[in-house]
Amino acid sequence: MGEHNVHNHIDQKKRAEFINHLLDDIKALEIMLKQGLIEDDITRIGAEQEFCLVNSNWRPAKNAQEILAAINDRHFTTELARYNLEINLDPLELKGDCFTKLQNELNRLLIKAKKTAANYDTYILLTGILPTIRKHHLELEYMTPNPRYRALNTILRSQRGSDFELHIRGVDELSIHHESVLFEACNTSFQMHLQIPPKDFVSSYNWAQAISGPILGISTNSPLLFGRELWSETRIALFRQSLDMRRASYALKDQRARVSFSNHWAAGSVAEIFKNDIAYHRIVLSRDIETNALSELKKGNIPKLPALNLHNGTVYRWNRPCYGVGNGKAHVRIENRYIPSGPTTLDEIANFAFWAGVMIGRPSKFDDMPSCMDFRDAKANFIKAARMGKDAILNWMGRSISIQDLVIKELLPIAYSGLEKAGIDTADQERYLKVIENRAKGIPAGEWMVRNYRFLQKSKHQDEALRGLTKTIYDNQQNGKPGHEWPLQQIPPEIQEGATLVGHIMSTQLFTVDEFDLATLATSIMKWKNIHHVPVESTYGKLCGLLTWTHVKKIQDAQNDDHQLVVSDIMVKNVITAHPEITIKEAIQLMKKNEIGCLPVVQKEDLVGIITIKDVIAFDHGQNL
């Protein structure tokens, strides 16, 4: 998540000083580009591995800081949530067996994390979205206590002027409000860096944009969020909306999302891309900077451009331009941010080899992308791939083609050519690109997850199915086989009972009625659906009553089935409710004490679920609660 020593914009003087440094950083970059001070005679790769921490019940853990301290390794750092960590891999020159070396280093560091986490009864998991994340895991108590994260949350929410909203429609639909940026923490990715010669940066960047759709489509593995089937790669919609600070208004106006694919091909130089991001996106974080970039250049030093890098770290392009300094030399690179974490390190490095090969092997006819392809096709392809995965049909250079055919027939040959050009060992080429080919012909990880989740739901409650799915992902990761080789319809080993809270077992598929609906309508619904408890909502969508079949029958018998009665005439008005984070034991005691058969579940005045005696009877009898 970048620089941690930041402050917000309350101090306008400090903000002004930061902006001056930002402008000078751009000037310094332009001077370095003009004078040839950016490294152009070597190509390096690097990567960042985000991963999840889960407890023995396969839910998000909360101990990232303790585990990080115990690991005590400079490669590891915190992430936004207390159930995620990140590994920063050492850069390698793109040659020989660099991808094998990268995977070996990644495996070594993950094993180190695994052994350390085991001491805290915690497991590490590679997946784009952890299946067992629930809404309460996005409360501020789960945010890593770090000034950068708190400042980012405060400023983005302030500039948005309201809670964040999430609306995603796939097979299922999710529509929800939230008060923090922690929705972003649901995303874990494998971020890939490729150093680019400055003179070729814009051509390479535009090519990276053009190939994003098919590269993403063959790599998706995040179809689930809160137990709902959404996009093939739900992270794309989730990340975009979780950091969206745009305000809705009555005016029809264009506003740039902070998470963006962009709206046009790049032109000019890498400096122009940075300028556009400064022009289109508000400065949300700043920091104290001691040295001026232009002054450093005059002294013969290579500046680190800290103001530019901090601002760039708050603009979340799926292909992000980056500036860095290593061993006293400046370089520019493209960071690929759309690939999910997992399902195995072999899959991840295969994705990297494929992407790097296609990037390096770019045919010369694609040096000028604006003359080859409408940018809107590239952007549409990216969204199609995120929605549909490898089943998407793309518009590629003016013709329609499936991702499977595009990958196998056109992009894989380019990738082989590019890796050969870079001097990658034949063994590495075959090992990693064969994974991509077999995945294109088989069942990718996202489809595997959906099929197994549906299979588990046939015999298990949603919470148990999600925990079983998470355990199955973990078990498969231990054998190292790529995701397309994982067996379908796996029944996970028995896992210890972990449903302890009302939120784990409550039903969220609710039938509700309006307080002014005719009572006969409400009772008809109860008969049709064979349900004995129906929450009643007010005109403003708030819980205001409850219909129970026993109570309804008593009222109806007394009123002789008066067809003029409305729901508010027959509902229970003093409703006893529960919060999703109270224990199941407490819920059972509450129902027994009040001799009731259900509890509507309410969070911040909103009805979020219902729990009935049928939902808890197994716990009452089986666990002696």
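Please read these numbers as outputs of a predicted model, since none were measured by experiment.

Parameters at a glance
- Residue numbers here run from 1 along each chain, matching the order of that chain's written sequence.
- Predicted model: local features are reported for residues with pLDDT of at least 70 only, side-chain atom pairs are reported and counted for 80 or more only, and whole-chain, interface and lining totals are derived from all residues.
- Only hydrogens and water are set aside; all other atoms, that is, all heavy atoms of the structure, feed into the side-chain values.
- The predictor rates its confidence in each residue with pLDDT, a number between 0 and 100.
- By definition in these notes, contact holds between two residues if any of their heavy atoms fall within 4.5 Å.
- In the cavity and pocket records, a cavity denotes points on a 1 Å grid over the protein atoms alone where a 1.4 Å probe fits but cannot get out, a pocket denotes an open set with protein on both sides within 12 Å along at least 5 of 7 lines, and lining residues are residues with an atom within 4 Å of a point.
- Grid points are joined across faces, edges and corners, and a volume is the space filled by probe spheres set on the points.
- Helix and strand definitions here come from DSSP, where helices need a minimum of 4 consecutive H or I residues and strands a minimum of 2 consecutive E residues; each element is numbered from the N-terminal end.
- In this count, Pro and Cys sit with the nonpolar residues alongside Ala, Val, Leu, Ile, Met, Phe, Trp and Tyr, while Asp, Glu, Lys and Arg are called charged and the others, Gly among them, polar.
- Pairing between strands is defined by DSSP: at least two bridges between the two strands are required.
- Classification of residues uses two cut-offs on accessible area relative to the type maximum, computed with a 1.4 Å probe and protein chains only: under 20% is buried, over 50% is exposed, and between them is partly exposed.
- N or O atoms closer than or at 3.5 Å make up a polar contact, with two conditions inside protein: a donor-capable atom paired with an acceptor-capable one, and, for residues adjacent in sequence, both atoms drawn from side chains.
- Take the buried Ala, Val, Leu, Ile, Met, Phe, Trp, Tyr and Cys residues and link them wherever side-chain atoms come within 4.5 Å; each set so joined is a nonpolar core.
- Working definition: rings of Phe, Tyr and Trp (its six-membered ring) pair if their centres are within 6.5 Å, and the pair is stacked with planes under 30 degrees apart, edge-to-face with planes over 60 apart, and tilted otherwise.
- By definition, a salt bridge exists where a carboxyl oxygen of Asp or Glu is found within 4 Å of a side-chain nitrogen of Lys or Arg.

### Examining the confidence of the model for the protein
1) Next: Summary statistics for the protein give a mean pLDDT of 89 and a share of 91% for residues scoring 70 or more.
2) Next: Predicted confidence is poor over residues 248-253, with pLDDT under 50, and the contacts of this stretch with residues over four places away or in other chains come to zero contacts.
3) Next: Low pLDDT (under 50) marks residues 621-625, which in the prediction has eight contacts with non-local residues, meaning those over four places away or in another chain.

### Focus: empty space enclosed by the protein
1) Next: Taken as a whole and judged by the stated rule, the model has three cavities of 30 Å³ or more.
2) Next: For the largest cavity, the calculated volume is near 80 Å³.
3) Next: Among the elements that line the lining of the largest cavity, the one with the most residues is helix 8 (residues 270-280), at three residues.
4) Next: In terms of residue class, the lining of the largest cavity is made up of three nonpolar, five polar and three charged.

### With respect to the sheet that holds strand 19 (residues 543-548)
1) Next: Strand order in this open sheet of three strands is 17-18-19, and the pairing throughout is mixed. A single partner strand is all that each edge strand has here, and the edge strands are strand 17 (513-514) and strand 19.
2) Next: Bridge count between strand 18 (residues 533-537) and strand 19: five bridges; the pairing is antiparallel. Of the residues in strand 19, the one forming a bridge with H533 is T548.

### Regarding the layout of surface pockets
1) Next: One number sums up the size of the second largest pocket: a volume of about 860 Å³.
2) Next: In this structure, the second largest pocket is lined by 27 residues; those nearest its centre are K135, I176, Q603, L607 and V608.
3) Next: Elements that contribute at least two residues to the lining of the second largest pocket include exactly strand 7 (173-178) and strand 21 (606-612).
4) Next: Among the elements that make up the lining of the second largest pocket, the one with the highest residue count is strand 7 (five residues).

### Focus: the side chain of R320
1) Next: As for its position among the elements, R320 is in strand 13 (residues 319-326).
2) Next: Residue class for R320 comes out buried when judged on its relative accessible area of 9%.
3) Next: Within the local environment of R320, its side chain forms a polar contact with the backbone oxygen of N312, the two atoms lying 3.1 Å apart.
4) Next: Of note is the side chain of R320, whose polar atom sits 3.1 Å from the backbone oxygen of V315.
5) Next: Excluding residues within four positions of it along the chain, R320 makes contact with N312, G313, T314, V315, R333, I334, E335 and R337.

### Some points on the environment of E430
1) Next: Inspection of the secondary structure puts E430 in helix 14 (residues 426-441).
2) Next: For E430, a relative accessible area of 41% translates into the label partly exposed.
3) Next: As a C-alpha pair, E430 and Y416 span 14 residues in sequence and 8.6 Å in three-dimensional space.

### Remarks on the nonpolar core
1) Next: Judged by nonpolar contacts, the single largest core of 155 residues is most densely connected at F51, F99, W207, F352, F354 and W355.
2) Next: Among the elements that line this core, the one with the most residues is helix 11 (residues 345-360), at ten residues.
3) Next: Look past the residues within four positions of F352 in its chain and what remains in contact with it is I45, G46, A47, F99, L102, F190, M192 and H193.

### A short note on the packing of aromatic side chains
1) Next: Enumeration according to the criterion identifies 22 aromatic pairs in this entry.
2) Next: With a centroid separation of 5.9 Å and an interplanar angle of 45°, the aromatic rings of W318 and F382 are classed as tilted. One end of the pair, W318, is in the loop between strand 12 (316-317) and strand 13; the other, F382, is in helix 12 (residues 375-388), and 64 residues separate them in sequence.
3) Next: A relative accessible area of 4% means that W318 is categorised as buried.
4) Next: Taking the centre distance of 5.5 Å and the plane angle of 75° together, the rings of Y338 and F382 count as edge-to-face. Here Y338, found in the loop between strand 14 (329-336) and helix 11, pairs with F382, found in helix 12; they are 44 residues apart in sequence, far enough to count as distant. Both residues of the pair, Y338 and F382, count as buried.
5) Next: Ring pairs connect the aromatic residues F239, F261, W265, Y316, W318, Y338, F375 and F382, which therefore count as one cluster.

### Points about the pattern of salt bridges
1) Next: Tallied over the full model, the rule gives 30 salt bridges.
2) Next: Between D606 and K542 there is a salt bridge; the shortest N-O distance is 2.8 Å. On the criterion of sequence distance, the pair formed by D606 in strand 21 and K542 in the loop between strand 18 and strand 19 is long-range, its members being 64 residues apart.

### Brief notes about unusual backbone geometry
1) Next: Backbone torsion omega between G342 and P343 reads 0°, so that peptide bond is classified as cis.
2) Next: With respect to the helices, strands and loops of the structure, P343 is situated in the loop between strand 14 and helix 11.
3) Next: The phi torsion at W58 lies on the positive side, around 70°, for a residue other than glycine.
4) Next: Residue placement: W58 occurs in the loop between strand 1 (44-54) and helix 2 (64-71).
5) Next: Positive phi outside glycine occurs at F226, with the angle close to 55°.
6) Next: Its place among the elements puts F226 in the loop between strand 9 (224-225) and strand 10 (228-229).
7) Next: Note on F226: relative accessible area 9%, which makes it buried.

### Let's talk about the pairing of strand 8 (residues 190-196)
1) Next: For strand 8, the buried fraction is high: seven of the seven residues fall into the buried class.
2) Next: Where burial is concerned, the two faces of strand 8 agree: the one with F190, M192, L194 and I196 and the one with Q191, H193 and Q195 are both buried.
3) Next: Of the pairings in the sheet, the one linking strand 1 to strand 8 comprises five bridges and is antiparallel in character. Residue pairing across strands places I45 opposite L194, the latter belonging to strand 8.
4) Next: Bridging between strand 8 and strand 14 involves five bridges; their strand directions are antiparallel. Paired with L194 across the two strands is I334, which belongs to strand 14.

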